[in-house]
Amino acid sequence: MPAISTLTASRQFPDVYRIPTPRLSVVVPCFNEEESLPELFKRLAAACRGSVRDSFEIVLIDDGSTDETWRGICTLSAASPNVVGVKLSRNHGHQLALSAGLSMSRGALILIIDADLQDPPELLPQMIELVEQGADVVYGQRTARLGESAVKRGTAAIFYRLLDQLTDVKIPVDTGDFRLMTRRALDVLQSMPEQHRFIRGMVSWIGFLQVAVRYERQERFAGETKYPFSKMLRLAIDAVTSFSTRPLRLASFFGFGFGILGMVGLAYTLGSWLRGIAVPGWTSITSIFLLMGSAQMFVLGIIGEYLGRLYMEAKGRPLFIIESLVCSEGTGCIDAVAPPTHASA
Ligand code: UDP
Ligand code: MG
């Protein structure tokens, strides 16, 4: 079977895009982030210049924004040869937008960062130093989360710990996608074609030396979170199902437990009937019926989650569709408005 996806989107925008290799690529997914863009560029570019002089590119991915984000990206790209803009055909979600940006990045080192400046670009020199000391991945680990609601902090804390219990891969707690990686780590990540992507987990799965940089997560620079509860729940389910089949095992145990209970109930009922003391009672019947019914639904639901994911994977659709690409002339990049050669069915 051919490799799924447009993971190597450079296939769509071939060799001409691949000419120079900057030392650092910064990949930033942006969904309705028009207000943050100028400040983001200012702080990011300063941090990059301080570490790698001019040998960097900032890849900004517009994930189907409905505000003026794309215009902002084009303006930055026209003003700076270091900016590459990638516009996706619609909102694909954070993890796929990130995947698109990673596939377009050319640097020897790759930094992933959010557009809202919650994670400080100023940590870059420290992260690069750790890579120079031999790490392949340097991830940011949050010691505090400022300006986020108690519900968000609480659910995030529970999620990371639950995930730790459920998965065999050690995914560090309290980390997001803010991280610096070497090209060889990214190459392995790019070779993983799955549709439901939980990138921080996938990076942990790769191995190599991975070290933490601890920091305080700041408030959003502007705007609201683009991760409402529904998206967070989806990410959490993706995370668990991508890295663990334990819920399936749990479903079997659950089914087995209720099976035993059913047997005990049956023995009791038969015993009562034999002793002639069986009293017609709807309470017990109804409760058993409800209990068994909900247990079955629960187990079926878990199986359904995995089955649905298998179905989506089997389709082998591209992960993302790039609509446009902008960057300055002379950077080896092309200005393209091209439909992908193998659009989704
Ligand atoms: N994002 C995206 N597509 C989406 C949702 C979010 O590209 O559908 C981007 C968003 O612009 C930001 C990053 O992903 O750069 C993280 O989102 P956000 O800051 O809203 O999440 P939070 O920090 O609140 O968890
Ligand atoms: Mg944020």
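Up top is the structure these notes are about.
Reading the values: rules and limits
Residues numbered from 1 in each chain as written. Chains lettered and ligands numbered in written order. Predicted model: local features only at pLDDT ≥ 70, side-chain atom pairs only at ≥ 80, totals over all residues. Heavy atoms only, no water. Helix = DSSP H or I, 4+ residues; strand = E, 2+ residues; numbered from the N terminus. Contact = heavy atoms within 4.5 Å. Areas by Shrake-Rupley, 256 points an atom, 1.4 Å probe, with all protein chains shown as cover. Buried < 20%, exposed > 50% of the residue type's maximum accessible area, 1.4 Å probe, protein only. Phe/Tyr/Trp six-rings, centres within 6.5 Å; stacked < 30°, edge-to-face > 60°. Core = buried A, V, L, I, M, F, W, Y, C linked by side-chain atoms within 4.5 Å. Donors = N, O, S within 2.8 Å, 3.2 Å for Na, K, Ca; no water. Salt bridge = Lys/Arg side-chain N within 4 Å of Asp/Glu carboxyl O. Axes fitted to C-alpha atoms, helices over the stretch in contact; angles between N-to-C directions. Parallel < 35°, antiparallel > 145°, perpendicular 65-115°, else oblique. Nonpolar A, V, L, I, M, F, W, Y, C, P; charged D, E, K, R; others polar. Near = heavy atom within 4 Å. Polar contact = N/O pair within 3.5 Å; in protein donor to acceptor, adjacent residues only side chain to side chain.

**Structural notes on the overall build of the protein chain**
Turning to step 1, where the next piece is worked out: Looking only at helices and strands, one finds 10 helices and 9 strands in the protein chain.
Turning to step 2, where the next piece is worked out: Taking the contacts inside the protein chain whose residues are at least 6 apart along the sequence as the reference set, 82% of them involve residues at least 24 apart.
Turning to step 3, where the next piece is worked out: In the form shown here, the protein chain has an accessible surface area of approximately 17,400 Å², with 64% of it arising from carbon and sulfur atoms.

**Brief notes about the side chain of S77**
Turning to step 1, where the next piece is worked out: Structurally, S77 is set in helix α2 (residues 69–79).
Turning to step 2, where the next piece is worked out: You can call S77 buried: its relative accessible area is 4%.
Turning to step 3, where the next piece is worked out: Discounting chain neighbours no more than four positions away, the residues touching S77 are V83, V326, C327 and S328.

**A short note on unusual backbone geometry**
Turning to step 1, where the next piece is worked out: One non-glycine residue, N32, lies in positive phi territory at about 55°.
Turning to step 2, where the next piece is worked out: With respect to the helices and strands, the residue N32 is situated in the loop between β1 (24–30) and α1 (37–52).
Turning to step 3, where the next piece is worked out: Although it is not a glycine, F208 adopts a positive phi angle of roughly 65°.

**Here's the deal with the packing of aromatic side chains**
Turning to step 1, where the next piece is worked out: Taken as a whole and judged by the stated rule, the model has 6 aromatic pairs.
Turning to step 2, where the next piece is worked out: Consider the rings of F159 and F198, whose centres lie 6.2 Å apart with planes at 85°: the pair is edge-to-face. Of this pair, F159 sits in helix α5 (residues 150–166) while F198 sits in the loop between α6 (183–190) and α7 (199–206), placing them 39 residues apart in sequence.
Turning to step 3, where the next piece is worked out: Given the relative accessible area of 0%, F198 is considered buried.
Turning to step 4, where the next piece is worked out: Ring centres of F178 and Y215 lie 5.4 Å apart, and the angle between their planes is 75°; on these two criteria the pair is classed as edge-to-face. Residue F178 is located in strand β6 (residues 175–182), and its partner Y215 is located in strand β7 (residues 210–217); the two are separated by 37 residues in the primary sequence.
Turning to step 5, where the next piece is worked out: Under the relative-accessibility criterion, F178 is labelled buried at 3%.
Turning to step 6, where the next piece is worked out: In this structure Y215 comes out as buried when scored by relative accessible area, which is 4%.
Turning to step 7, where the next piece is worked out: Each member of the aromatic cluster is reached from another via a ring pair, and the members are F159, Y160, F198 and F243.

**Quick notes on the nonpolar core**
Taken as a class, soluble globular proteins show a tendency for nonpolar side chains to be buried jointly.
Turning to step 1, where the next piece is worked out: Counting residues in hydrophobic clusters, the biggest one holds 41 residues, and the most contacted among them are V86, L88, L102, M181, L189 and F198.
Turning to step 2, where the next piece is worked out: Counting residues per element, this core draws most heavily on helix α3 (residues 94–104), at 6 residues.
Turning to step 3, where the next piece is worked out: Excluding residues that lie within four positions of it along the chain, L189 makes contacts with L102, M181, R197, I199, M202, V203 and I206.
Turning to step 4, where the next piece is worked out: Counting 36 residues, the second-largest nonpolar core is a separate cluster that includes L24, I58, L76 and L180.

**A short note on the coordination of the magnesium ion (ligand 2)**
Turning to step 1, where the next piece is worked out: For the magnesium ion (ligand 2), every protein donor is listed as D116 (OD) and Q118 (OE1), and the spread of their distances is 1.9 to 2.0 Å.
Turning to step 2, where the next piece is worked out: Under the relative-accessibility criterion, D116 is labelled buried at 3%.

**Topic: the pattern of salt bridges**
A side chain of one charge can pair with a side chain of the opposite charge if their charged atoms are brought near each other.
Turning to step 1, where the next piece is worked out: Enumeration over the complete set of coordinates arrives at 18 salt bridges.
Turning to step 2, where the next piece is worked out: As a salt-bridge pair, E33 and K226 come within 4.0 Å of each other at their nearest N and O atoms. Of the two residues, E33 is situated in the loop between β1 and α1 and K226 in the loop between β7 and α8 (229–243); the sequence distance between them amounts to 193 residues. K226 matches E33 in its accessibility class, with the two residues each being buried.
Turning to step 3, where the next piece is worked out: The salt bridge partner of E122 is R43, with a shortest N-O separation of 2.9 Å. One end of the pair, E122, is in the loop between β4 (109–112) and α4 (124–132); the other, R43, is in helix α1, with 79 residues separating them in the sequence.
Turning to step 4, where the next piece is worked out: For E122, a relative accessible area of 44% translates into the label partly exposed.
Turning to step 5, where the next piece is worked out: Exposure remark for R43: the relative accessible area of 25% places this residue in the partly exposed category.

**Brief notes about the packing of α5 against α8**
Turning to step 1, where the next piece is worked out: Contact pair α5 / α8: the axes reach a minimum separation of 10 Å and the direction vectors enclose 10°. In this view, α5 runs roughly parallel relative to α8, as classed from their interaxial angle. The segment α5 lies against α8, with K152, T155, F159, L163 and L166 engaging F229, M232, A236, A239 and V240.
Turning to step 2, where the next piece is worked out: Looking at side-chain class alone, the contact of α5 with α8 contains 8 nonpolar, 1 polar and 1 charged residues.

**Description of the site of ligand 1**
Turning to step 1, where the next piece is worked out: Not every one of the 19 residues close to ligand 1 is listed here, only the nearest: E33, D63, D116, T225 and K226.
Turning to step 2, where the next piece is worked out: Here R217 contributes a side-chain N or O atom positioned 3.2 Å from an oxygen atom of ligand 1.
Turning to step 3, where the next piece is worked out: Against a free-state accessible area of 530 Å², the protein chains account for coverage of 96% of ligand 1.
Turning to step 4, where the next piece is worked out: The residue makeup of the shell around ligand 1, split by class, is 5 nonpolar, 5 polar and 9 charged.

**Remarks on the environment of Q165**
Turning to step 1, where the next piece is worked out: Note on placement: Q165 falls in helix α5.
Turning to step 2, where the next piece is worked out: Overall, the relative accessible area of 59% leaves Q165 in the exposed class.
Turning to step 3, where the next piece is worked out: A C-alpha to C-alpha distance of 9.7 Å links Q165 and R246, two positions 81 residues apart in sequence.

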